[in-house]
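One-letter residues, chain by chain:
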Amino acid sequence: MPQAMTFTSLQNDVRSYLERGASAVTDPIVYAQIPNLITLAERRISRDLKVQGFQTVVVTNLQAGVAVLPKPDRWRETISMNVGTGAQYNTRKQIFTRDYEYCRTYWPNETEVDEPEFYADYNYTNWLVVPTPDLAYPVEILYYELPALLDDSNQTNWLTQYAPNLLLYATLLEATPFLKNDERIPVWQNMYAMAAQALQGEDLSKILDRGAVRNEA
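What comes next is a walk through the structure. A quick note: this is a predicted structure, and the numbers were derived from the prediction, not measured.

1. What about the overall build of the protein?
Of regular secondary structure, the protein possesses six helices and nine strands. What you see for the protein is a C-alpha radius of gyration of 22 Å, clearly larger than the 17 Å of a compact globule of 217 residues, by over 25%. When its C-alpha atoms are laid out on the principal axes, the protein stretches across 65 × 45 × 30 Å. Here the analysis covers contacts within the protein between residues at least 6 apart in sequence; of these, 66% occur between residues at least 24 apart. Carbon and sulfur atoms form 51% of the exposed surface of the protein, whose accessible area is close to 12400 Å². When the 18 positive and 27 negative side-chain charges of the protein are each reduced to one mean point, those points stand 3 Å apart.

Rendered as structure tokens:
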């Protein structure tokens, strides 16, 4: 059985494919750059793909009288948001996304409070929730995140476990312009695209299977 990819093994694989950066002594610039190229590759993948492996859920509480809700670390895109209502806050109620201008028009006086109905991106690190919450409602947020980036102290993440070939090709694709080896860009771009398409196909299959189960129930 092949060994699972790690941050260290990925660096070694990249050096082998590039035939560069074998050591800090013989090729110090490339050797030092490879970890940065891996980080760029991880960020590229998280921008390009919306798959289940990048989905996560956070449960927190709104703050009574405060309309701005901080986004979680490594947030990329919101999927859905719901609040707990009722006597025990266990009745889930979805609140719907709207643009910022709509939310400000719908609830222009931020000091007035009521049960939330909508949310918008306030900026990259916060949401705006309207009406301004009248209570500290529990809120459940489903969103796409940037996986925890690899480094010497974080040797594995979702990509190394479930999409190692995609991560390798993405890193090689990031490396070719740095090495001014532009003729290799189409090669790694094609390999990256094929791996990404396969991963998205697997994800779509899971979604369809889940729908079929629901229909059969």
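2. Here's the deal with the environment of Asn157
Its place among the elements puts Asn157 in the loop between β9 (138–145) and α4 (158–162). When the C-alpha positions of Asn157 and Trp188 are compared, they lie 22 Å apart, and in sequence the two are 31 residues distant. Beyond its immediate stretch of four places on either side in the chain, Asn157 contacts Glu42, Pro147, Ala148 and Leu150.

3. Here we look at helix α2 (residues 28–48)
Between its first and last C-alpha, α2 extends 31 Å over 21 residues, near the 30 Å set by a 1.5 Å rise per residue. At Ile34, α2 shows its maximal kink, close to 35°; a proline, Pro35, follows between one and four residues later. Of all the residues in α2, the buried ones are Val30, Ile34, Leu37, Ile38, Ala41, Glu42, Arg44, Ile45 and Ser46.

Reading the values: rules and limits
Residues numbered from 1 in each chain as written. Predicted model: local features only at pLDDT ≥ 70, side-chain atom pairs only at ≥ 80, totals over all residues. Heavy atoms only, no water. Helix = DSSP H or I, 4+ residues; strand = E, 2+ residues; numbered from the N terminus. Rg over C-alpha atoms; globule rule 2.2 N^0.38 Å. Contact = heavy atoms within 4.5 Å. Areas by Shrake-Rupley, 256 points an atom, 1.4 Å probe, with all protein chains shown as cover. Lys, Arg positive; Asp, Glu negative; His and termini not counted. Charge placed at Lys NZ, Arg CZ, Asp CG, Glu CD. Expected span 1.5 Å × (residues − 1). Bend = angle between axes of the 7 residues up to and from the residue. Buried < 20%, exposed > 50% of the residue type's maximum accessible area, 1.4 Å probe, protein only.

On their own, these measurements won't tell you what the molecule is for.
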